[in-house]
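Here's the letter readout for the chains.
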Amino acid sequence: MDGEPGWVPPEVDVKRANTARVYDYLLGGSHNFLADQDLGRSLAATDPSVRAIARANRDFLGRAVRFLAQAGVGQFLDIGSGIPTQGNVHEVAQQGSPGSRVVYVDVDPVAIAHSKALLAGNDNTAVIEADLRHPDQILAHAGTRRLIDFSQPTGLLLAMVLHFIPDADDPWRIVATLRDALAPGSFIVLSHVENESRPEKAQAAEKVYNRSVATSVQMRSRAEILRFFDGFEVLDPGLVYIPQWRPDSPADVPDDPSKFWVRVGVGRKGPAS
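What you see is a predicted model; the values in this text were computed from it and never measured.

Definitions and cut-offs
Residues numbered from 1 in each chain as written. Predicted model: local features only at pLDDT ≥ 70, side-chain atom pairs only at ≥ 80, totals over all residues. Heavy atoms only, no water. Phe/Tyr/Trp six-rings, centres within 6.5 Å; stacked < 30°, edge-to-face > 60°. Helix = DSSP H or I, 4+ residues; strand = E, 2+ residues; numbered from the N terminus. Buried < 20%, exposed > 50% of the residue type's maximum accessible area, 1.4 Å probe, protein only. Lys NZ or Arg CZ within 6 Å of the ring centre and 35° of its normal. Expected span 1.5 Å × (residues − 1). Contact = heavy atoms within 4.5 Å. Axes fitted to C-alpha atoms, helices over the stretch in contact; angles between N-to-C directions. Left-handed = near helix turned anticlockwise from the far one by under 90°. Salt bridge = Lys/Arg side-chain N within 4 Å of Asp/Glu carboxyl O.

**Some points on the packing of aromatic side chains**
Scanning the model with the defined rule gives 5 aromatic pairs in all. Judged by centre distance (5.4 Å) and plane angle (10 degrees), the ring pair of Trp172 and Phe228 falls under stacked. You can see Trp172 sitting in helix α8 (residues 171–180) and its partner Phe228 sitting in the loop between α10 (222–226) and β6 (232–234), a full 56 residues away along the chain. A single burial state applies to Trp172 and to Phe228, both of which are buried. Lying over the aromatic face of Phe67, Arg246 brings its terminal NZ or CZ to 4.4 Å of the ring centre. Above the ring of Tyr241, the side-chain terminus of Arg263 is found at 4.0 Å from the ring centroid.

**Focus on helix α2 (residues 34–46)**
With 13 residues, α2 should reach 18 Å at 1.5 Å per residue; the first-to-last C-alpha distance of 19 Å fits that figure. Close packing links the buried residues of α2 with α1 (19–26), α3 (50–70) and α9 (199–210).

**As for the packing of α1 against α2**
Across the interface, α1 lies against α2 with an axial gap of 9 Å and an inter-helix angle of 65 degrees. In terms of crossing hand, the pair formed by α1 and α2 is right-handed. In this structure, α1 contributes Arg21, Val22, Tyr25 and Leu26 to the contact, and α2 contributes Asp36, Gln37, Leu39, Gly40, Arg41 and Leu43.

**As for the pattern of salt bridges**
Pairing between side chains becomes possible if they bear opposite charge and their charged atoms approach one another. Scanning the model with the defined rule gives 9 salt bridges in all. For Asp108, the salt bridge identified is with Arg21, shortest N-O distance 4.0 Å. Taken together, the residues span a long stretch of sequence, with Asp108 in the loop between β2 (101–106) and α5 (109–119) and Arg21 in helix α1 at a distance of 87 residues. Like Arg21, Asp108 is buried. When the shortest N-O distance is used, the salt bridge between Arg133 and Asp131 registers 2.6 Å. Given a relative accessible area of 40%, Arg133 falls into the partly exposed group.

See the structure below:
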């Protein structure tokens, strides 16, 4: 989309690439602009796998949400939810557990506008505009409180969002605030780009991304990503590359999973000690 169709909020700068819209482009969506497409093509030039990584992450999120629904989780807090696309969290969750409640949280006006349009009239979902860097505001938001009962198990989804929080903002403190609000039996679902398996490609992609988007990306090591699960049991198969997390078929795991340079995992909160 090179113009500015009617669904674009007036405050959106369509000439500057945006994280949610770049991801939408990589997934094959249509709610993106020339700047987002240019950045997506530049990322693909650094590593042709980036489209497959985006798709694989979306598939992982679906598998993880199905797993949580089967484990009895009936409410989900999806922070950094992005622009709606096929297989949204509420659709997946409600297939496994009818009546599941989902709160979508994003900071991007385009993602918010589309989510609200998609979910209009759906009383089991809410969309709130909030910044992950202010977790207390997310937890206290009226939209969150309407649907999420924090005395009951909750699925906290942090898919491909924490690498947009720099170390200076202490993302581990942010996640700890969210973890502490969750009841025993809750889960964290997390995916995060890493900088160890393909350091040259990761550094090249990071450089391309950060010169084009206001929200810069900070890739991390496996050990740094694992810290986000402090106090939670990381479930099998652990913190792994995307295709390795409970694939639907063994054939879905490539010979070299590290070419998907994103670590994913699911952690569960045990009973209070």
